[in-house]
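What follows is the residue order along each chain.
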Amino acid sequence: MADTALTAQHRSPLAAATDRLAAATRSCAGAVRLAELPFLAQVNVRLDAKGAAADAVGLALDLALPLEPNTVVRAGGLTAMWLGPDEWLLVGRPGSQRDLESRIRSAATDEPVSVTDVSAQRTTLLVSGPRARDLLAHGCPLDLHPRVFGPGRCAQTTLGRAQAVLVSRDEPRAGFWVLVRSSFAGYLADWLLDAATEYAWS
């Protein structure tokens, strides 16, 4: 019984869709790539952006928290997304959430700060390829033109009626991250797979 529970705990929300995402990628001949990036560490941080804790946390993480709305800062394997004037989402390598929490709390000392591990709340879909922006535009109300939503931008939005955090990655040809609640991940994967058929071989 315990072994079964442990196995279930480590099963990603889109484990059952892995083969379909890979098949869609192949059928699109490189125009669109779809994949899940499971188990990324995700830590929500709330603090006063103008307080001493913000600078201290930035030094501890070797990454300055972004202060411009809807922007992303990346350093090493860590990504910080601006979600609000006093709220950020940190995304790191799988299994690093406890270390991130510890470093943030230690750096903040007595300053008021809220640190919450939300890794199990969402999973991450990678949408990349030369037609990725077009595919996302089918179901997203944001203006996704590169001049408006270029590399290093993020936003809380909807995609195919599912709430998500959309991130335009800043590495060359890296595409987009779509962070979606685990309970909506299957629905959103199905939506993306259906939308991707437009770019499949005829």
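Right above here is the structure, for reference.
Residues numbered from 1 in each chain as written. Predicted model: local features only at pLDDT ≥ 70, side-chain atom pairs only at ≥ 80, totals over all residues. Heavy atoms only, no water.

Chemist: What is the right way to look at the sheet that holds strand β4 (residues 78-84) in this model?
Modeler: Adjacent strands of a sheet pair through backbone hydrogen bonds, lying either parallel or antiparallel. If you trace the 5 strands from one edge of the open sheet to the other, you get β3-β4-β5-β2-β6, paired in antiparallel fashion. Single-partner strands in this sheet number two, and they are β3 (72-75) and β6 (113-117). If you compare each strand with its neighbour and ignore which way they point, the axes differ by 20° on average. Bridge count for strand β2 (residues 41-47) against β6 is 5 bridges, and the pairing is antiparallel. Each bridged residue has a counterpart across the sheet, and for R46 the counterpart in β6 is S114. Each of β2, β4, β5 (87-92) and β6 is contacted by helix α4 (residues 97-108), which is oriented at about 175° to β6, the strand it contacts most. (Pairing = 2+ DSSP bridges. Helix = DSSP H or I, 4+ residues; strand = E, 2+ residues; numbered from the N terminus. Axes fitted to C-alpha atoms, helices over the stretch in contact; angles between N-to-C directions. Contact = heavy atoms within 4.5 Å.)

Chemist: Explanation requested: the pattern of salt bridges in the structure shown.
Modeler: Opposite charge on two side chains allows them to pair when their charged atoms are near. A complete count under the given rule lists 8 salt bridges for this structure. Note that R46 is salt-bridged to E87, the shortest N-O span being 3.9 Å. Pair noted here: R46 is in strand β2 and E87 is in strand β5, with a separation of 41 residues, a long-range link. With a relative accessible area of 38%, R46 lands in the partly exposed category. Among the ionic pairs, E101 bridges to R105, the shortest N-O distance being 3.8 Å. Of this pair, E101 and R105 both sit in helix α4, separated by 4 residues, roughly a single helical turn. Residue classification places R105 among the partly exposed positions, given a relative accessible area of 42%. Taken together, the shared-partner salt bridges in this structure form one network comprising R46, D86 and E87. (Salt bridge = Lys/Arg side-chain N within 4 Å of Asp/Glu carboxyl O. Buried < 20%, exposed > 50% of the residue type's maximum accessible area, 1.4 Å probe, protein only.)

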